[in-house]
Amino acid sequence: MYPDFEFFLESIFNTDFPEWLSIFKMFGFMVAMGFIVAAWTITAELKRKEKQGLLHPTYSTITVGEPLKTSDLVVSIILGFILGYKVGGLFSNIAEAAPDPLEFLLSTKGNLIVGILGAGLFGYMKYSDKKKQELPKPEQRKVATYPHQRVFEIVFIAAVGGLVGAKVFNALETWEDFLKDPIANLFSSSGLTFYGGLIVATAALYYYSKKKGIPFKHLCDATAPGLILSYGIGRLGCQVAGDGDWGILNAAYISLPDGSLQAATLAEFKMRLQEASGYFTREFGSLQNVPYSYVQAPSWLPDWMFAMNYKHNIHNEGMQILGCTGKYCGVLPVGVFPTPIYETTLGIIIFFILWQIRKRLKYAWQMFGTYLIFNGLERFFIEKMRVNFKYDWGFLHPTQAEIISFGLILGGIALLIYANKKKDKLAPTAD
């Protein structure tokens, strides 16, 4: 695993790299890549729908050439100070910030000197830019803004809403842990529930679309392919960092002291449970609660498709690797099903399916309904291999994700029925 860029580069080139590179986490990088790719697909789809005549620009009147307002200057200075204070603090406190940069950014810590420099720089840039645009007599102009020009705003709202929803739903899913330390739980960079993010982000975008005059049905259809692709890329980040988002134990593989993985018998697996009883008891409460399955990879497939031990994972989970020194020396005692790989693969496959059929769909909501069904099915079956809190509903014991994914499947089916009944036809396709 490669938790951060310093570790990644040192592993590849077998030489030392600057410590400040450890601030950049591989998971965060992959999530950022997911948003960038999503922005590209959403832009392409919005432009296509604009050519079809389904989406139209909104018009607003702006005043150009005005002198600089004091309020605008103050806002720029404040933003510059915050950015300089936090980023300067991040790089001047690398040892403290590197383990969890997000937690450091959300704290009150920073660098006062860099903050003041940032305030001065942003203030000067705002003043200089406004001075260049200033006219002897300000003019009013009517400008058109197309939906595809709002993609940055759309992605930003989705990101913020997704983060808030992911944290809130994770708190609901791990309620006892949340009550022990609510502040740390909410502001930690770990512990994110995707479906919570999807629900809250969708609600936020509904409000935004109404405010900006963008038909919500077409916005949903345009974002669907990018959503599943960005999800798959994000799961790849989970895999690369080894952040704990893996499946149940595969008893057919155990780790050796050097961190390598080897095939094992069921008796060897049970022996390993006893040897690492402290770790398994902390994770599952007791050895009797450890979820596992025994599945050996067929000879024509690689073992890593069925089990991985996440050597050098970001949270140092598991046992100490023999002879390892440094930040990431943990390896899982027993192999687990690499569910992030499965979800990445499925996410990419679903994206290509949606991308191929998008021009063949006749009615609004069909794309988003299809996305909901695929997304729900993918996560519902993946949950069968993951370790999550289960609700006790008598003879049923679903996880939060299973409940929501089942709801998404039903919602997707309902949308397809509604779309077919409504017959809100899409305009002829324009490439």
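Since the structure is predicted, the reported quantities are computational estimates derived from the model, not experimental observations.

Asks: Could you give an account of the overall build of the chain, with specific residues and numbers?
Replies: In terms of regular secondary structure, the chain is built from 16 helices and eight strands. Seen along its three principal axes, the alpha-carbon backbone of the chain occupies a region of about 85 × 65 × 45 Å. Looking at the chain as a whole, 43% of its 431 residues are labelled buried. Accessible surface, the chain: about 22,900 Å² in total, of which carbon and sulfur atoms supply 65%. For the chain, the distance from the average site of its 40 positive side-chain charges to the average site of its 36 negative ones is 13 Å.

Asks: Help me get a handle on the nonpolar core, residues and values and all.
Replies: Within the largest apolar cluster, 23 residues are counted, with the highest numbers of intra-cluster contacts made by Ile-228, Leu-354, Trp-365, Phe-368, Tyr-371 and Leu-372. Residue assignment for this core shows that the elements contributing at least two residues are helix H11 (216-241), helix H14 (339-357), helix H15 (366-382) and helix H16 (400-422). The element that contributes the greatest number of residues to this core is H11, accounting for seven residues. Excluding residues within four positions of it along the chain, Trp-365 makes contact with Phe-216, Lys-217, Cys-220, Asp-221, Leu-415, Tyr-418 and Ala-419. In terms of nonpolar packing, the next biggest core, distinct from the first, is built from 20 residues, Leu-249, Ala-251, Leu-273 and Tyr-310 among them.

Asks: Account for empty space enclosed by the protein, naming residues and giving values.
Replies: Enumeration according to the criterion identifies one cavity of 30 Å³ or more in this entry. Its boundaries defined by the atoms lining it, the largest cavity holds a volume of some 50 Å³. Residue lining of the largest cavity: Glu-45, Arg-48, Lys-49, Asp-221, Arg-358, Leu-361, Tyr-363, Met-367 and Leu-426, and that is the complete set. If one sorts the elements of the lining of the largest cavity by residue count, helix H2 (residues 26-51) sits on top with three residues. Class assignment of the residues belonging to the lining of the largest cavity gives a composition of four nonpolar, no polar and five charged.

Asks: Kindly report on the state of the cysteines, identifying the contributing residues and their values.
Replies: A covalent bond between the sulfur atoms of two cysteines is referred to as a disulfide. Enumeration according to the criterion identifies one disulfide in this entry. Bridging Cys-324 to Cys-329, the disulfide has an S-S length of 2.1 Å. Judged by the torsion about the S-S bond (-75°), the Cys-324/Cys-329 disulfide is left-handed. Both residues of the pair, Cys-324 and Cys-329, belong to the buried class.

Asks: Give a detailed account of helix H12 (residues 266-275), specifying residues and quantitative values.
Replies: All of the buried residues in H12 are Phe-269, Arg-272 and Leu-273. Seen along its axis, H12 keeps its buried residues to an arc of 105°; they face one direction. H12 presents Ala-267, Gln-274 and Glu-275 as exposed residues on the side facing more than 90 degrees away from its buried surface. Those residues of H12 that are buried lie in contact with strand E3 (249-255), helix H13 (277-284), strand E5 (292-293), strand E6 (319-320) and strand E8 (334-336).

Asks: Residue-level account of the packing of aromatic side chains, with values.
Replies: One pass over the full model with this rule turns up 20 aromatic pairs. Here Phe-269 and Tyr-292 contribute two aromatic rings whose centre-to-centre distance is 4.7 Å and whose plane-to-plane angle is 50°, an arrangement assigned as tilted. Placement of the pair is Phe-269 in helix H12 and Tyr-292 in strand E5, with a sequence separation of 23 residues. Taking relative accessible area as the criterion, Phe-269 reaches 0% and is therefore assigned buried. Looking at Tyr-292, the relative accessible area reads 39%, which means it is partly exposed. Positioned above the aromatic ring of Trp-355, the side-chain terminus of Arg-358 is 3.8 Å from the ring centre.

Asks: Outline a nonpolar patch on the surface, supporting the account with residue identities and numerical values.
Replies: Nonpolar side chains collect at one region of the surface, where Trp-20, Phe-24, Leu-83, Val-87 and Phe-91 lie side by side and expose about 430 Å² of accessible area between them. Structurally, Phe-24 is set in the loop between helix H1 (5-13) and H2. Owing to a relative accessible area of 36%, Phe-24 belongs among the partly exposed residues under this scheme.

Calculation criteria
- Residues numbered from 1 in each chain as written.
- Predicted model: local features only at pLDDT ≥ 70, side-chain atom pairs only at ≥ 80, totals over all residues.
- Heavy atoms only, no water.
- Helix = DSSP H or I, 4+ residues; strand = E, 2+ residues; numbered from the N terminus.
- Buried < 20%, exposed > 50% of the residue type's maximum accessible area, 1.4 Å probe, protein only.
- Areas by Shrake-Rupley, 256 points an atom, 1.4 Å probe, with all protein chains shown as cover.
- Lys, Arg positive; Asp, Glu negative; His and termini not counted.
- Charge placed at Lys NZ, Arg CZ, Asp CG, Glu CD.
- Core = buried A, V, L, I, M, F, W, Y, C linked by side-chain atoms within 4.5 Å.
- Contact = heavy atoms within 4.5 Å.
- 1 Å grid on protein atoms, 1.4 Å probe; cavity = no way out; pocket = protein on both sides within 12 Å on 5 of 7 lines; lining within 4 Å.
- Points joined across faces, edges and corners; volume = space filled by probe spheres on them.
- Nonpolar A, V, L, I, M, F, W, Y, C, P; charged D, E, K, R; others polar.
- Disulfide = S-S within 2.5 Å.
- Arc of directions from axis to C-beta.
- Phe/Tyr/Trp six-rings, centres within 6.5 Å; stacked < 30°, edge-to-face > 60°.
- Lys NZ or Arg CZ within 6 Å of the ring centre and 35° of its normal.
- Patch = residues over 30% accessible without salt bridge, like charges linked within 9 Å, V, L, I, M, F, W, Y side chains within 5 Å.
- Salt bridge = Lys/Arg side-chain N within 4 Å of Asp/Glu carboxyl O.

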